[in-house]
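Examination of the molecular architecture
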Amino acid sequence: MEEEGQQQPTTKPQSALDILLNLDKQAADLKAQHKNNASNEDVVCANWARSEIQSARSSALATKSIFTHCFIAPWSSASPFRCVYAVAMLFLAIVIQVVVPFIILITRQPIIDLPNGCPNQSSPQTKIIGFALSLYFVFQTLQLCLNKLRGLGFLHSFVDLGFRRSLFIKLGILSQFLGMAGAGGAQYMLFIGNADGAFIVLVLQSLAMTFCLTVDQNLMGHKNGTYTAARVSAVSKDHLLCNGVGIGEDGGSIPQQGFDGIKQMIQGESFILGMISSTGLAWVKFTIGSTITHAADTHVEKMNCDECVPVYSAMAEYTAGTRYFLERSRSQQKAKAYSKL
């Protein structure tokens, strides 16, 4: 019999910070194990896959777009108004998100009257504003990849509603990529075209291009958004995913089809994020121009920058392996500038 007064072992209660650090440790261990021993039979890897699938499903439910609405819309004569509404909104989304930015790119309207398209002609104030707005555009693009594109990718990979309905998701994914490329290139041209204009115009033009990226979501009102989310939730239950194979139960393995599907989606997402981050930051740098090169010498303030390569393709920001590197000799620039004096 235990002696009286013997103290029982007590567990020190965890603080909020301890719990937070423990969550970070579990996530790091899970990521390391997933990379080293990725197997659908492993419980830890299976739990990781299920958590990623559930996260992607949450993105699909949260980022309701007209493409998602068309994916689950009742295409029948019993709902004529909803069919007309879906077609009309789909048309508006594609025109504003893709066609309008590419019209600006093709016509080169913002810079058509300029002798060249070099951002080095901009004032320091314009470069500062352009840098901030360009950085905002890049982060906005990354958020679209982490949310809207992930949700569309989930519906494309895990929810099977037939070939015809899947075309709306494919169209949505293609529209996002084209829209990001077109809006990025158009915004770059608008920065150059407004180099000597009012700053408020520069801000409004930039926000207009950002609006183009989310127009497919802005067209969805609260009522239609709730309707879409409810139908997406109904067709994306765990047991219905992967053509009815499901994703298994917590604490057990996950079917190979679901495991391979989420792995491919995560790998594709990582590639796209890396590409956008690297080329996007290069685009931001070029938007502000070579300030040091031109500002250091007062003799080149009115230089036409004829040797600058006009990089109009912010589209290269989303095209794998395409980059523009400008190599200019400072001594040659000075000689050319002095010769024009």
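Residues numbered from 1 in each chain as written. Predicted model: local features only at pLDDT ≥ 70, side-chain atom pairs only at ≥ 80, totals over all residues. Heavy atoms only, no water.

1. As for helix α5 (residues 124-146)
With 23 residues, α5 ought to run about 33 Å at 1.5 Å a step, and its terminal C-alpha atoms sit 33 Å apart, in line with that. Within α5, burial applies to Thr126, Lys127, Gly130, Leu133, Ser134, Phe137, Val138, Gln140, Thr141, Leu142, Leu144 and Cys145. (Helix = DSSP H or I, 4+ residues; strand = E, 2+ residues; numbered from the N terminus. Expected span 1.5 Å × (residues − 1). Buried < 20%, exposed > 50% of the residue type's maximum accessible area, 1.4 Å probe, protein only.)

2. Looking at the nonpolar core
The nonpolar side chains of soluble globular proteins are, as a tendency, buried together. Ile53, Phe154, Leu155, Phe158, Leu241, Ile254 and Ile262 are the most contacted members of the largest nonpolar core, which has 24 residues in total. Put simply, the parts of the chain that give this core at least two residues each are α2 (43-62), α3 (66-72), α6 (148-158) and α11 (256-288). Counting residues per element, this core draws most heavily on α2, which supplies seven residues. Apart from the residues lying within four places of it in its own chain, the contact partners of Ile262 are Trp48, Ala49, Glu52, Ile53 and Phe158. By size, the runner-up hydrophobic cluster in this structure holds 17 residues, among which are Val138, Met180, Ala183 and Met209. (Core = buried A, V, L, I, M, F, W, Y, C linked by side-chain atoms within 4.5 Å. Contact = heavy atoms within 4.5 Å.)

3. Overview of a nonpolar patch on the surface
Residues Leu17, Ile19, Leu20, Leu21 and Leu23 make up a contiguous nonpolar surface patch of about 480 Å² in total accessible area. When you line up the elements, Leu21 lands in helix α1 (residues 16-36). (Patch = residues over 30% accessible without salt bridge, like charges linked within 9 Å, V, L, I, M, F, W, Y side chains within 5 Å. Areas by Shrake-Rupley, 256 points an atom, 1.4 Å probe, with all protein chains shown as cover. Salt bridge = Lys/Arg side-chain N within 4 Å of Asp/Glu carboxyl O.)

4. Re the environment of Arg231
Note that Arg231 resides in helix α10 (residues 222-235). Since its relative accessible area comes to 30%, Arg231 is described here as partly exposed. Between the alpha carbons of Arg231 and Thr68 there is a distance of 10.0 Å; along the sequence they are 163 residues apart. Those residues within four positions of Arg231 in sequence are excluded, and the remaining contacts are Ile72, Ala73 and Pro74.

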